[in-house]
Amino acid sequence: IKHLSLPLPITVIVFFRMLISLIVLFPWIMRDRFASVATTRLGLHTLRSVVGFIALMCLVYSLSNLDLADAVSLSFTTPLWMIGTAAVLLGEGSGPRRWLATVVGFGGVLIIVRPGMDPDPAMLAGLASAFLGSISLSWVKKLMVTDTALTITFYFSFIGTLISAIPAMAYWVQPTLTEFLLLIATGMFAVAGLMCAAKAYSLADATVVSPVDFTRLPIAAVI
């Protein structure tokens, strides 16, 4: 995404990321003739997808305008936001150690953002993405009570494709063959990540699973 943001508008990147994810999911959906995506909670799926889409737009904007290290660091605030959102939306209790970790973590955020030194709008977008992402993940936890990881991922990709199509067409830039292949890879990796995340949140409390996301830092360093 960081690489693609140079030649392509973020609206086009997000649209392809959603569309390719939807296409990748179709073989599993067609196998049981859409039975796997039947749901009685379409309203919550829609709400979660809209919030998740806005979070993704903010993330791509942040990635395209910041050094990769800063953008990734700001995305790591999702587990910190999760302490509060899980308490409000899920009723999950958090002990003093988790709240202490949250306070220390936001101290690190202040060092990155430098609020008294005219913070970059892209940094604020990165924080907004992390906050909205924590809300979206809390709703994933709720949805996993009745729906499967495939169902949740499908509705996010389907609704996200519909929402992103309009701004993508308004700012359309034709991808080259290489860029198109990278966009396909982005969508495929995104599906795999969402499926794994949804499954993880079905097995444990959100405040337990979310900090595992910090493993992205050493992995990103190696990549």
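If you're wondering where the values come from, they're calculated on a predicted model, not measured in any experiment. (Residues numbered from 1 in each chain as written. Predicted model: local features only at pLDDT ≥ 70, side-chain atom pairs only at ≥ 80, totals over all residues. Heavy atoms only, no water.)

**Quick word on helix H3 (residues 68-75)**
Restricting attention to buried positions, one finds in H3 the residues Ala71, Val72, Leu74 and Ser75. Seen end-on, H3 carries its buried residues on one side only, within an arc spanning 160 degrees. (Buried < 20%, exposed > 50% of the residue type's maximum accessible area, 1.4 Å probe, protein only. Helix = DSSP H or I, 4+ residues; strand = E, 2+ residues; numbered from the N terminus. Arc of directions from axis to C-beta.)

**A few points about the environment of threonine 215**
Tracing the sequence through the fold places threonine 215 in the loop between helix H9 (206-209) and helix H10 (216-222). Threonine 215 sits in the partly exposed class, given a relative accessible area of 43%. When the C-alpha positions of threonine 215 and phenylalanine 76 are compared, they lie 9.8 Å apart, and in sequence the two are 139 residues distant.

**Quick look at the nonpolar core**
By size, the foremost hydrophobic cluster in this structure holds 12 residues: Leu44, Val51, Ala55, Leu132, Ile135, Trp139, Val140, Leu143, Met144, Ala149, Ile152 and Ala198. Where this core is concerned, the elements lending two or more residues are helix H2 (42-65), helix H6 (121-143) and helix H7 (149-170). It is H6 that provides the largest number of residues to this core, a total of 5 residues. What isoleucine 135 contacts, discounting residues up to four positions off in sequence, is Val51, Thr85 and Leu89. (Core = buried A, V, L, I, M, F, W, Y, C linked by side-chain atoms within 4.5 Å. Contact = heavy atoms within 4.5 Å.)

**Looking at the packing of aromatic side chains**
Here the structure, examined in full by the defined rule, presents 6 aromatic pairs. Arranged with centres 5.6 Å apart and planes meeting at 70 degrees, the rings of phenylalanine 15 and phenylalanine 16 form a pair that is edge-to-face. Phenylalanine 16 matches phenylalanine 15 in its accessibility class, with the two residues each being buried. Ring geometry for phenylalanine 16 and phenylalanine 180: centres 5.8 Å apart, planes at 80 degrees, overall edge-to-face. Placement of phenylalanine 16 in helix H1 (residues 10-31) and of phenylalanine 180 in helix H8 (residues 177-203) is noted, with a sequence separation of 164 residues between them. (Phe/Tyr/Trp six-rings, centres within 6.5 Å; stacked < 30°, edge-to-face > 60°.)

**A few points about a nonpolar patch on the surface**
A contiguous nonpolar patch, built from Phe26, Met30 and Phe34 and spanning about 270 Å² of accessible area, is present on the exposed surface. Residue placement: methionine 30 occurs in helix H1. For methionine 30, a relative accessible area of 46% corresponds to the partly exposed category. (Patch = residues over 30% accessible without salt bridge, like charges linked within 9 Å, V, L, I, M, F, W, Y side chains within 5 Å. Areas by Shrake-Rupley, 256 points an atom, 1.4 Å probe, with all protein chains shown as cover. Salt bridge = Lys/Arg side-chain N within 4 Å of Asp/Glu carboxyl O.)

**A look at H8**
Taking 1.5 Å per residue, 27 residues should reach 39 Å; H8 reaches 40 Å between its end C-alpha atoms and fits that length. Buried residues in H8 make contact with H1, H2, helix H4 (78-89), H6, H7 and H9. (Expected span 1.5 Å × (residues − 1).)

**Here's the deal with the confidence of the model for the protein chain**
Taken over all residues, the pLDDT of the protein chain has a mean of 84, while the share at 70 or more is 89%. The least confident element of the protein chain, judged by mean pLDDT, is helix H5 (residues 96-113) at 66; the most confident is H2 at 93. (pLDDT = per-residue confidence, 0-100.)

**Overview of the side chain of threonine 151**
The topology assignment puts threonine 151 in helix H7. For threonine 151, a relative accessible area of 2% gives the class buried. At 2.9 Å, the side chain of threonine 151 forms a polar contact with the side chain of threonine 148. Discounting chain neighbours no more than four positions away, the residues touching threonine 151 are Ser36, Val37, Ala38, Thr39 and His45. (Polar contact = N/O pair within 3.5 Å; in protein donor to acceptor, adjacent residues only side chain to side chain.)

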